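So the chains spell out like this:
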Amino acid sequence: MSTKDYLEKDYYAVLGVPKTATADEIKKAYRKLARQYHPDSNQGDTAKEAKFKEVSEAYDILSDTKRRKEYDEARTLFGSGVGGQRPGGGGFSFDFGDLFGGTAQGQHGGAGERLGDLFGGLFNRGGGASTPTTTTRPRRGQDIESEVTLSFTEAVEGTTVSLRLTSSAACAACTGTGARAGTTPRVCPTCEGTGAASRNLGNFAFSEPCRDCKGRGLIVDDPCPVCEGSGRAKSTRTIQARIPAGVADGQRVKLKAKGAPGENGGPAGDLYIQTHVKPHAVFGRSGDNLTVTVPVTFTEAALGAEIKVPILKGLPVTLRIPPGTPNGRTFRVRGRGVARKDGTKGDLLATVEVLVPNTLDDKSRELLNEFQTATAGEDPRADLIQRARSE
Ligand SMILES: [Zn+2]
Ligand SMILES: [Zn+2]
């Protein structure tokens, strides 16, 4: 029997017994229906035959204590209106991580508590109305999203930033129960704490969140005046967050356990920081490498030279460019780039840009004329024209 079957089939409804039915009541109901639909007394009636199968299947599950328990738990956790539509709102999505995280923390509360938790998690995540929780078992704190704008250098080298975080926490006055201090919520009598109600429309039974307790399974008679029964409060705090070296613009940095504090000893949520990095006037980034464009004169490129190249932090380094360096050639200055996770660093990629003098004094013009005469035999476009013709 799959979980899907568990969610789709209401075995209690099939047998016509309440969820609280005893083993005897289930057996009685089954016997009555089995007699009614047994194929032996309904030769050739396929509808009744199908009904008989359905009844047998329901009895198989509900008569077995262990399987009945599994079925009840599966429906409380996943089924009965939870996966469906939220009244008055759009659909919402499941976060199975949250679901299993919640149940894996041991200490099984009542069914209603778990459903309340589930709704709480879903609604908080969606940013909508928060649902109070009364549970005293550990709850993981919320994940928090934040963002920060860094200078280019801060992003490359890492920095510590102050962040003001607002998160939802348990109301201090009622310790998150939503009930006035000194009072406790009671189990909803309508849904018996399951938080789900089923409505019969002809042959179909629809499951939806219980209207009386809004799917929570619990009812607060005397709401906490501080949180107006929600059980939640906003908490604002300022934290120092370490942004590791080497983050890039648009990167999402995860800081484990820096989100909202957990409740009842549960772990804190995580903090996600969206980073924005301002551009630098001189340097660019290409992955772990920094980039820089370095102007060189025509003679430096032609004759070769030792030139000074700026680095992000510290004194310029000397770069030797060989004679005959063409415009646009990139040189690698090792270890002057962005820090990597393993502690090594990327490189600085220096691209030369050959400058042509735009003003010449008499002496320079004379020397360049002389240079032109000396190189008159070389036509740089000869090969180009040759190749253009031979295509
Ligand atoms: Zn209810
Ligand atoms: Zn409160």
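What this report covers is the structure whose coordinates are included nearby. (Residues numbered from 1 in each chain as written. Chains lettered and ligands numbered in written order. Predicted model: local features only at pLDDT ≥ 70, side-chain atom pairs only at ≥ 80, totals over all residues. Heavy atoms only, no water.)

## Observations concerning the overall build of the protein chain
Turning to step 1, where the next piece is worked out: What the protein chain contains, in helices and strands, is 11 helices and 15 strands.
Turning to step 2, where the next piece is worked out: Taking all 391 residues of the protein chain together, 36% fall into the buried category.
Turning to step 3, where the next piece is worked out: Taking all contacts inside the protein chain whose residues are at least 6 apart in sequence as the whole, residues at least 24 apart take part in 63%.
Turning to step 4, where the next piece is worked out: Total accessible area computed for the protein chain in this model is approximately 23,200 Å², and 51% of it derives from carbon and sulfur atoms. (Helix = DSSP H or I, 4+ residues; strand = E, 2+ residues; numbered from the N terminus. Buried < 20%, exposed > 50% of the residue type's maximum accessible area, 1.4 Å probe, protein only. Contact = heavy atoms within 4.5 Å. Areas by Shrake-Rupley, 256 points an atom, 1.4 Å probe, with all protein chains shown as cover.)

## Thoughts on the coordination of the zinc ion (ligand 2)
Turning to step 1, where the next piece is worked out: The protein atoms that coordinate the zinc ion (ligand 2) are C171 (SG), C174 (SG), C224 (SG) and C227 (SG), at distances spanning 2.2 to 2.3 Å.
Turning to step 2, where the next piece is worked out: Written as a sequence motif, the donor arrangement for the zinc ion (ligand 2) is C-x2-C-x49-C-x2-C. Of the two residues, C171 is situated in the loop between β2 (159-170) and β3 (186-187) and C224 in the loop between β6 (218-219) and β7 (232-243); the sequence distance between them amounts to 53 residues.
Turning to step 3, where the next piece is worked out: Owing to a relative accessible area of 2%, C224 belongs among the buried residues under this scheme. (Donors = N, O, S within 2.8 Å, 3.2 Å for Na, K, Ca; no water.)

## Here we look at the sheet that holds strand β1 (residues 144-150)
Turning to step 1, where the next piece is worked out: Pairing is mixed in the open sheet, where 3 strands are placed in the order β1-β9-β8. Only two strands of the sheet have a single neighbouring strand rather than two, namely β1 and β8 (252-255). Each adjacent strand pair in this sheet contributes to an overall mean axis angle of 30 degrees, direction not counted. (Pairing = 2+ DSSP bridges. Axes fitted to C-alpha atoms, helices over the stretch in contact; angles between N-to-C directions.)

## A look at the coordination of the zinc ion (ligand 1)
Turning to step 1, where the next piece is worked out: In this structure, C188 (SG), C191 (SG), C210 (SG) and C213 (SG) serve as the protein donors to the zinc ion (ligand 1), at separations of 2.2 to 2.3 Å.
Turning to step 2, where the next piece is worked out: On the basis of relative accessibility, which here comes to 6%, the residue C213 falls in the buried class.

## Focus: helix α10 (residues 362-374)
Turning to step 1, where the next piece is worked out: Over its 13 residues, α10 runs 18 Å from end to end, which matches the ideal 18 Å to within 8%, given 1.5 Å per residue.
Turning to step 2, where the next piece is worked out: The buried fraction of α10 amounts to 0 of the 13 residues, a small share that puts the element mostly on the outside. (Expected span 1.5 Å × (residues − 1).)

## With respect to a nonpolar patch on the surface
Turning to step 1, where the next piece is worked out: A surface patch of nonpolar side chains, about 330 Å² in accessible area, is lined by F298, L360, L368 and F371.
Turning to step 2, where the next piece is worked out: Turning to its location among the elements, L368 is positioned in helix α10. (Patch = residues over 30% accessible without salt bridge, like charges linked within 9 Å, V, L, I, M, F, W, Y side chains within 5 Å. Salt bridge = Lys/Arg side-chain N within 4 Å of Asp/Glu carboxyl O.)

## What about the pattern of salt bridges?
Turning to step 1, where the next piece is worked out: Under the defined criterion, the tally for this structure stands at 15 salt bridges.
Turning to step 2, where the next piece is worked out: In this structure, E145 engages R252 in a salt bridge whose closest nitrogen and oxygen atoms are separated by 2.5 Å. Remark: R252 occurs in strand β8 and E145 occurs in strand β1; sequence separation between them is 107 residues.
Turning to step 3, where the next piece is worked out: Relative accessible area serves as the criterion here: at 52%, E145 is assigned to the exposed category.
Turning to step 4, where the next piece is worked out: The residue R334 makes a salt bridge to D347 at a minimum N-O spacing of 3.5 Å.

## A closer look at helix α4 (residues 46-62)
Turning to step 1, where the next piece is worked out: If you check α4, its first and last C-alpha atoms are 24 Å apart, about what 17 residues at 1.5 Å a residue would give, namely 24 Å.
Turning to step 2, where the next piece is worked out: Within the sequence span of α4, burial applies to F52, V55, S56, E57, A58, Y59, I61 and L62.

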